[in-house]
Amino acid sequence: DQQVKQNSPSLSVQEGRISILNCDYTNSMFDYFLWYKKYPAEGPTFLISISSIKDKNEDGRFTVFLNKSAKHLSLHIVPSQPGDSAVYFCAARTGGGADGLTFGKGTHLIIQP
Amino acid sequence: NAGVMQNPRHLVRRRGQEARLRCSPMKGHSHVYWYRQLPEEGLKFMVYLQKENIIDESGMPKERFSAEFPKEGPSILRIQQVVRGDSAAYFCASSPTSLLGGTNTEAFFGQGTRLTVV
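No experiment lies behind these values; they were computed from the predicted model shown. (Residues numbered from 1 in each chain as written. Chains lettered and ligands numbered in written order. Predicted model: local features only at pLDDT ≥ 70, side-chain atom pairs only at ≥ 80, totals over all residues. Heavy atoms only, no water.)

What about the state of the cysteines?
Residue and element names in this part refer to chain A.
For step 1, the next point in the chain: Inspection of every chain in the model, using the stated rule, returns two disulfides over all chains.
For step 2, the next point in the chain: The partner cysteine of Cys23 in its disulfide is Cys90, sulfur to sulfur 2.0 Å. With the S-S dihedral at roughly -75 degrees, the linkage between Cys23 and Cys90 falls on the left-handed side. In this pair, Cys23 is assigned in strand E3 (residues 19-25) and Cys90 in strand E9 (residues 86-94), connecting sequence segments 67 residues apart.
For step 3, the next point in the chain: Judged by its relative accessible area of 0%, Cys23 is buried. (Disulfide = S-S within 2.5 Å. Helix = DSSP H or I, 4+ residues; strand = E, 2+ residues; numbered from the N terminus. Buried < 20%, exposed > 50% of the residue type's maximum accessible area, 1.4 Å probe, protein only.)

Set out below in structure tokens:
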């Protein structure tokens, strides 16, 4: 039962353009969402997060949007840079219950020159 | 301030052997989480520990797997009698406080241990 879904295994975007990574979730108890970036042979690194009481959070080139009614969030990267090429994981946690994060399967973002 | 340290980075074990994976959290972090990533999959939560206590092991297989976080020393994830299906990347993460409670706390991940069972 995949509670966090990233339906695009890969995404190719031209350098300088906007990258939009999508994530859907099914568990209405999730109250906090995070995006992690992962390079090959490295651990995930935290990128940006959003609380369920907000619908947008921005940090430099990265913006996360949350649509609670649609149970959907997205990560926007603009402008995209070659160093953004990585696997991006969407993760969520509940306000109670299990303390661990629930991750999606990841989207491999490829930035083309 | 060193990050989360995991060792070894790569571990090869024959079927039936034991695997011990170590994780030293970031300085000042007393909350440790273990995750497993199977090929082509996302990270799956296994267990959450605080010093000397297992808080949540809902993601741990019922048999052969155990975890500890002693008062002194690193957290250990132990897999007994490994099988080929245990081959995966095992990631440890730490945080200064619990991830519950609405705080803006994130978990910091180590580089992982890649276990290969032959």
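Comments concerning the environment of Val32 of chain B
All names here are of chain B.
For step 1, the next point in the chain: By secondary structure assignment, the location of Val32 is in strand E4 (residues 31-37).
For step 2, the next point in the chain: Along the sequence, Val32 and Lys51 sit 19 residues apart, while their C-alpha atoms lie 8.5 Å from each other.
For step 3, the next point in the chain: When near neighbours in sequence (up to four residues on either side) are disregarded, Val32 contacts Cys23, Pro25, Val47, Tyr48, Leu49, Phe69, Ser75, Cys92, Ala93 and Ser94. (Contact = heavy atoms within 4.5 Å.)

A look at a nonpolar patch on the surface
All names here are of chain A.
For step 1, the next point in the chain: A surface patch of nonpolar side chains, about 230 Å² in accessible area, is lined by Ile18, Ile20 and Val78.
For step 2, the next point in the chain: Relative to the helices and strands, Val78 is located in the loop between strand E8 (72-77) and E9.
For step 3, the next point in the chain: On the accessibility criterion, Val78 (43% relative accessible area) is partly exposed. (Patch = residues over 30% accessible without salt bridge, like charges linked within 9 Å, V, L, I, M, F, W, Y side chains within 5 Å. Areas by Shrake-Rupley, 256 points an atom, 1.4 Å probe, with all protein chains shown as cover. Salt bridge = Lys/Arg side-chain N within 4 Å of Asp/Glu carboxyl O.)

Notes on unusual backbone geometry
For step 1, the next point in the chain: The linkage connecting Val78 of chain A with the following residue, Pro79 of chain A, adopts the cis geometry, with an omega of -10 degrees.
For step 2, the next point in the chain: With respect to the helices and strands, the residue Pro79 of chain A is situated in the loop between E8 and E9.
For step 3, the next point in the chain: Along the chain, Asn7 of chain B connects to Pro8 of chain B via a cis peptide bond; the corresponding omega equals -5 degrees.
For step 4, the next point in the chain: Its location among the elements puts Pro8 of chain B in the loop between strand E1 (5-7) and strand E2 (10-13).
For step 5, the next point in the chain: Residue Ala41 of chain A is not a glycine yet carries a positive backbone phi of 65 degrees.
For step 6, the next point in the chain: Positionally, Ala41 of chain A belongs in the loop between strand E4 (30-38) and strand E5 (45-51).
For step 7, the next point in the chain: The partly exposed category is assigned to Ala41 of chain A, whose relative accessible area is 44%.
For step 8, the next point in the chain: Unusually for a residue other than glycine, Arg64 of chain B sits at a positive phi of about 75 degrees.

A closer look at the sheet that holds strand E7 (residues 62-67) of chain A
Residue and element names in this part refer to chain A.
For step 1, the next point in the chain: With antiparallel pairing, the five strands of this open sheet are ordered in space as E1-E3-E8-E7-E6. Each edge of the open sheet carries a strand with a single partner, namely strand E1 (4-5) and strand E6 (56-59).
For step 2, the next point in the chain: Alignment of E6 against E7, held across four bridges, turns out to be antiparallel. Bridged to Lys56 within E7 is Phe65. (Pairing = 2+ DSSP bridges.)

Side note on the pattern of salt bridges
For step 1, the next point in the chain: On inspection of all chains with the given rule, the structure shows eight salt bridges over all chains.
For step 2, the next point in the chain: For Asp84 of chain A, the salt bridge identified is with Arg61 of chain A, shortest N-O distance 2.8 Å. Placement of the pair is Asp84 of chain A in the loop between E8 and E9 and Arg61 of chain A in the loop between E6 and E7, with a sequence separation of 23 residues.
For step 3, the next point in the chain: Two residues, Arg64 of chain B and Asp86 of chain B, come together in a salt bridge whose shortest N-O distance is 2.7 Å. Here the residue Arg64 of chain B occupies a position in the loop between strand E6 (53-56) and strand E7 (65-68), and Asp86 of chain B occupies one in the loop between strand E8 (75-79) and strand E9 (88-95), the gap between them amounting to 22 residues.
For step 4, the next point in the chain: Ionic contacts of the salt-bridge type, sharing partners, join the residues Lys105 of chain A together with Glu41 and Lys44 of chain B into one network.

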